[in-house]
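Geometric and topological summary
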Amino acid sequence: MSGDAEDTSPLPERLARAITLGGPIPVSQYMAAANAHYYATRDPLGAGGDFTTAPEISQMFGELIGLWCADLWNRAGRPDVAWAELGPGRGTLAADALRAMAKAEFTPPVHFVETSPTLRAEQAKRVPHATWHDDVEDLPADRPLLIVANEFFDALPIRQLVRARAGWHERLVACQDTMFLPIAGKQVPDEVIPAHLRDAPPGAIIETSPASVGIMRVLAARIVAQGGALLAIDYGYEGPAVGDTLQAVRGHAFANPFEEPGERDLTAHVDFATLGLVGHASGAVASGPVGQGAFLRALGIDARTTALARKEESVHADRDRLVDTMGTLFKVLGLRHAGWPEPAGFA
């Protein structure tokens, strides 16, 4: 018998041992380990979970995304495409989008990028004919892709750099008496800091997400080579900028991201400017980002609200949450092949 037995001790204990033996770890490594365990072991969505996403608030969200896809596909000449969603949650967005697309005679094969066995089981209840993948690299390579990424990039690991009096340092996670806490690590060269941010005051934090950049680079290259488009929706900003956006949510309330790793959702705001630049550098055409509220209004959410309100008055509150409460913080970025038409919602 070769190899060591799998360590089944709780994640905090495993992380604590690793840090004790090897020293503090980067925030990105801590976040990756925590979220991998978190999403693999539960369904975090809905009233009984830790948070609620836009598709769970109202069917209107998924329906409008589906119509956005169908409209773009139709104006592109109705090519033979594959439809893909990254991190599809319970499959709610996909089910609503596919229902709306079918009414527009658009019924593409469905592909999900999802690693959580728990969430794959939920997705299979709503979209049983989907094909699942562990990685974006495994998406079909023989046809154009229409890709949706709603609240996907925010859960990818981030790197944090913190300003000290003597310069910028990598932010690491240490462990003391079973308690995790952020500390400043080795100093990094000033050249890695955007010029306009180098003189930020001590304590300032800059975030980057190499994982997000890597995935966007792969997706943009696929779109350039195969055709198609991508729609990314998330909370975020147009950076680079100074700010600590790493946060944890548990039971629909904010929590300490350095407590109980693996038992709460860790996220960070998405730098949409960087993602757009990555797409552009790969040869794709970027649209936006624009606020989610403006995007949904342009797609017709007000008319859809009026139609649904005839049966359920509470739909107005759902519309207000999607358009007003989430409408500015959440942003939408489009990426497309240069030969594809300008997508709706970005004018």
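Residues numbered from 1 in each chain as written. Predicted model: local features only at pLDDT ≥ 70, side-chain atom pairs only at ≥ 80, totals over all residues. Heavy atoms only, no water.

**Comments concerning the overall build of the chain**
Going by this rule: Helix and strand assignments come from DSSP, with helices taken as H or I runs of at least 4 residues and strands as E runs of at least 2, each series counted from the N terminus. With C-alpha atoms as the basis for the radius of gyration, the globule rule is written as 2.2 Å multiplied by the number of residues raised to the power 0.38. Exposed residues in this analysis have more than 50% of their type's maximum accessible area, buried residues have under 20%, and partly exposed residues fall in between, with area computed by a 1.4 Å probe over protein chains only.
Counting its secondary structure elements, the chain contains eleven helices and 16 strands. In summary, the chain has a C-alpha radius of gyration of 21 Å against a globular reference of 20 Å for 347 residues, a match within 12%. Its C-alpha atoms put the chain at 60 × 50 × 45 Å along the principal axes. Considering the chain as a whole, with its 347 residues, one finds that 53% of them fall into the buried category.

**Examining helix α8 (residues 272-281)**
Rules: Comment: arc refers to directions from the helix axis out to C-beta atoms. Contacts are assigned to residue pairs with any non-hydrogen atoms lying within 4.5 Å of each other. In protein, a polar contact requires one atom able to donate a hydrogen and another able to accept it; more generally it is a pair of N or O atoms within 3.5 Å, and residues adjacent in sequence count only if both atoms are side-chain atoms.
Those residues of α8 not exposed but buried are Phe272, Leu275, Gly276, Val278 and Gly279. End-on, the buried residues of α8 take up no more than an arc of 155°, which puts them together on one face. Away from its buried face by more than 90 degrees, α8 exposes Leu277, His280 and Ala281. Summarising the contacts, the buried residues of α8 are in contact with α7 (210-226), β10 (228-237), β14 (270-271), β15 (285-291) and β16 (330-336). Put simply, Asp271 is the residue that caps the front of α8, since its side-chain oxygen is 3.2 Å from the backbone nitrogen of Ala273. Looking at the residues trailing α8, positive phi occurs at Gly283, about 105°.

**Thoughts on the pairing of strand β6 (residues 159-164)**
Under the convention used in this document: Pairing between strands requires that DSSP locate at least two bridges from one strand to the other.
In terms of strand pairing, β6 meets strand β9 (residues 205-208) through four bridges, oriented antiparallel. Along β9, the bridge assignment pairs Leu161 with Ile206. With four bridges connecting them, β6 and strand β7 (residues 167-176) associate as antiparallel partners. Residue pairing in the sheet places Leu161 in a bridge with Glu170 of β7.

**Regarding the sheet that holds strand β13 (residues 265-267)**
Rules: Throughout, an axis means a line fitted to C-alpha atoms (over the contacting stretch in the case of helices), and angles, computed between N-to-C directions, take values from 0 to 180 degrees.
Read from one edge to the other, the open sheet built from three strands follows the order β12-β11-β13, with strand pairing classed as antiparallel. Bordering the open sheet on either side are β12 (253-255) and β13, each of which pairs with just one other strand. Neighbour-to-neighbour, the strand axes of the sheet open up by a mean angle of 40°, direction not taken into account. Pairing of strand β11 (residues 247-250) with β13, which is carried by three bridges, proceeds in the antiparallel orientation. When the bridges of β13 are listed, Gln247 appears paired with Thr267.

**Some remarks on helix α1 (residues 11-22)**
Keep this limit in mind: How far a helix is expected to stretch is found by multiplying one less than its residue total by 1.5 Å.
With twelve residues, α1 extends 16 Å between its outermost C-alpha atoms, agreeing within 8% with the 16 Å of an ideal straight helix rising 1.5 Å per residue. By the burial criterion, the buried members of α1 are Leu11, Leu15, Ala16 and Ile19. Looking down the long axis of α1, one finds its buried residues gathered within 135° of arc, a one-sided arrangement. Facing away from the buried side of α1, by more than 90 degrees, are the exposed residues Thr20 and Leu21. Structurally, α1 contributes buried residues whose contacts are with β1 (25-26), α2 (27-40), β7 and β8 (179-187).

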